[in-house]
Amino acid sequence: MYSMTGFGRGECKEGGVELTVEIKTVNNRYLDVTVKSPRVLSAQEENIRALIRQKLTRGHADVFISFTDKREREKELRLDESAAKAYVAAARKIKTLFPDIADDITVSGVLRFPDVVKTDDVSVADDEIISALNGALSAALEKLNSMRLVEGEKLKKDMLSRMDTIEKLVSSVEKRAGAVTENYRVKLEARMKKVLENVEVDEGRLLTEVALFADKSNIDEELTRLHSHISQFRDICKEPLVGRKLDFLVQEFNRETNTICSKSNDLEVTRLGLALKNEIEKIREQVQNIE
């Protein structure tokens with residue numbers, strides 16, 4: 001079981017290439033990847049996302065990549081002729097406007113103007129850079145998943161502990177439910193005797209009322225489904241990717257518990273039902289962080 005929250009950092013140094021990848025993940029319903037990388041790696045962003053999709057299925061991932069190239073490489077200078085002509089033309093126009101000032105236009109001076117000469121940096125990642133990227137990304141993903149696994153096991157332990165509590169509460173509801181109908185019969189009979197005083201209570205009518213009450217307040221089906229859900233929850237927790245399954249199952253837990261509370265005509269059953277809802281909500285919050 002993996003948590004959707006984690007952090008991983010990977011570094012790779014090959015030759016003069018130094019590359020670092022940091023990945024931070026948080027919970028999200030679907031997989032969403034944001035990549036922030038140097039311009040030289042822009043063309044690799046889809047490959048980066050593809051590698052991440054192999055390791056992650058849900059969550060929001062922020063990927064930060066830093067890159068330094070210390071290799072000795074020949075640099076090419078590129079002259080922007082249009083910029084150079086524009087600067088020289090502007091200087092000559094100024095000279096005509098102000099003939100008294102000295103004309104100090106020189107080749108070296110023009111070369112110092114902004115954007116006249118540009119250095120062609122690496123614009124496409126070569127094999128060494130891609131190799132370093134893959135190595136650093138793999139290391140970052142491995143550390144990320146190690147952290148997510150540790151966190152996921154903690155969440156699993158907490159949820160299974162709460163599931164034990166839920167099972168005890170369901171058993172308590174089950175025991176109490178068996179006595180609810182009889183308690184209602186006793187109270188109804190006492191009320192009828194009090195109202196009717198010396199008139200003999202119609203036993204047939206009393207049994208009919210009790211039977212109707214028992215049918216309306218019967219929660220046997222809900223309790224059976226809750227026991228089934230508890231068993232399914234424990235089985236699902238043995239799988240590696242369980243977030244969506246558990247999310248659906250928790251909704252079913254809530255559905256059955258709400259029905260029990262709505263059918264309840266007993267304060268103790270209502271109290272137990274509210275305690276159930278409280279534990280289910282705590283599990284639901286944990287499930288939101290599971291992949």
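Residues numbered from 1 in each chain as written. Predicted model: local features only at pLDDT ≥ 70, side-chain atom pairs only at ≥ 80, totals over all residues. Heavy atoms only, no water.

### Structural notes on the pairing of strand S2 (residues 17–26)
Regular strands place their side chains on alternate faces of the sheet.
Part 1 of the reasoning: Note: strand S1 (residues 6–14) against S2, nine bridges, orientation antiparallel. Each bridged residue has a counterpart across the sheet, and for Cys12 the counterpart in S2 is Leu19.
Part 2 of the reasoning: Pairing geometry for S2 and strand S4 (residues 59–69), over ten bridges, is antiparallel. Each bridged residue has a counterpart across the sheet, and for Val26 the counterpart in S4 is His60. (Pairing = 2+ DSSP bridges. Helix = DSSP H or I, 4+ residues; strand = E, 2+ residues; numbered from the N terminus.)

### Structural notes on the nonpolar core
Part 1 of the reasoning: Residues Met159, Ile166, Phe233, Leu246, Phe253 and Ile283 are the most contacted members of the largest nonpolar core, which totals 29 residues.
Part 2 of the reasoning: Top contributing element to this core by residue count: helix H4 (residues 127–196), with eight residues.
Part 3 of the reasoning: With 23 residues, the next largest nonpolar core counts Leu19, Ile23, Ile48 and Leu137 among its residues. (Core = buried A, V, L, I, M, F, W, Y, C linked by side-chain atoms within 4.5 Å. Buried < 20%, exposed > 50% of the residue type's maximum accessible area, 1.4 Å probe, protein only.)

### What about the side chain of Thr257?
Part 1 of the reasoning: Note that Thr257 resides in helix H7 (residues 243–263).
Part 2 of the reasoning: Given a relative accessible area of 0%, Thr257 falls into the buried group.
Part 3 of the reasoning: A polar contact is formed between the side chain of Thr257 and the backbone oxygen of Phe253, at a distance of 2.9 Å.
Part 4 of the reasoning: Those residues within four positions of Thr257 in sequence are excluded, and the remaining contacts are Leu226, Gly273, Leu276, Lys277 and Ile280. (Polar contact = N/O pair within 3.5 Å; in protein donor to acceptor, adjacent residues only side chain to side chain. Contact = heavy atoms within 4.5 Å.)

### Remarks on the sheet that holds S2
Sheet strands pair via backbone hydrogen bonds, and the direction of the pair is either parallel or antiparallel.
Part 1 of the reasoning: Strand order across the open sheet formed by four strands is S1-S2-S4-S3, with mixed pairing between neighbours. With one partner strand each, in any of the chains shown, S1 and strand S3 (31–36) form the two edges of the open sheet. In this sheet, neighbouring strand axes are inclined to one another by 15° on average, regardless of whether the strands run parallel or antiparallel.
Part 2 of the reasoning: Helix H1 (residues 45–55) rests against S3 and S4 of the sheet, and its axis sits at about 140° to S3. (Axes fitted to C-alpha atoms, helices over the stretch in contact; angles between N-to-C directions.)

### Comments concerning a nonpolar patch on the surface
Part 1 of the reasoning: The grouping of Leu77, Leu79, Val107, Leu111 and Val117 at the surface amounts to a nonpolar patch, some 480 Å² of accessible area in total.
Part 2 of the reasoning: Those elements giving two or more residues to the nonpolar patch turn out to be strand S5 (77–79) and helix H3 (107–111).
Part 3 of the reasoning: Tracing the backbone through its elements, the reader meets Leu111 in helix H3. (Patch = residues over 30% accessible without salt bridge, like charges linked within 9 Å, V, L, I, M, F, W, Y side chains within 5 Å. Areas by Shrake-Rupley, 256 points an atom, 1.4 Å probe, with all protein chains shown as cover. Salt bridge = Lys/Arg side-chain N within 4 Å of Asp/Glu carboxyl O.)

### What about the packing of aromatic side chains?
Part 1 of the reasoning: This model, assessed by the stated rule, comprises two aromatic pairs.
Part 2 of the reasoning: With centroids separated by 6.4 Å and ring planes inclined at 80°, the aromatic side chains of Phe233 and Phe253 adopt a geometry described as edge-to-face. Highlighted residues: Phe233 in helix H6 (residues 220–236) and Phe253 in helix H7, separated in sequence by 20 residues. Just as Phe233 is buried, Phe253 falls in that class too. (Phe/Tyr/Trp six-rings, centres within 6.5 Å; stacked < 30°, edge-to-face > 60°.)

### Considering the side chain of Lys156
Part 1 of the reasoning: Within the fold, Lys156 resides in helix H4.
Part 2 of the reasoning: Of the side chains bearing the opposite charge, Glu153 lies closest to the buried Lys156, which forms no salt bridge; the N-O distance is 4.2 Å.
Part 3 of the reasoning: One polar contact links the side chain of Lys156 to the main-chain carbonyl oxygen of Cys237, over a distance of 3.3 Å.
Part 4 of the reasoning: When sequence neighbours within four positions are dropped, the list of residues in contact with Lys156 reads Met1, Cys237 and Lys238. (Lys, Arg positive; Asp, Glu negative; His and termini not counted.)

### Here we look at the packing of H6 against H7
For any two helices packed against each other, the geometry comes down to the angle between their axes and how far apart the axes lie.
Part 1 of the reasoning: Interaxial distance between H6 and H7 falls to 10 Å at its minimum, and their mutual angle equals 160°. The orientation of H6 relative to H7 falls into the category roughly antiparallel. Crossing angle aside, the handedness with which H6 passes H7 is left-handed. Contacts from Glu222, Leu223, Arg225, Leu226, His229, Ile230, Gln232, Phe233 and Ile236 of H6 reach H7 at Lys245, Leu246, Leu249, Val250, Glu252, Phe253, Glu256, Thr257, Thr259, Ile260 and Lys263.
Part 2 of the reasoning: Considering only residue class, the contact of H6 with H7 consists of ten nonpolar, four polar and six charged. (Parallel < 35°, antiparallel > 145°, perpendicular 65-115°, else oblique. Left-handed = near helix turned anticlockwise from the far one by under 90°. Nonpolar A, V, L, I, M, F, W, Y, C, P; charged D, E, K, R; others polar.)

### Comments concerning the pairing of S3
Part 1 of the reasoning: Note that S3 and S4 share six bridges and pair parallel. Bridge pairing in S4 links Val33 to Ala61.
Part 2 of the reasoning: Read from S3 through H1 to S4, the crossover connection turns out left-handed. (Right-handed = clockwise from strand over helix to strand, strands pointing away.)

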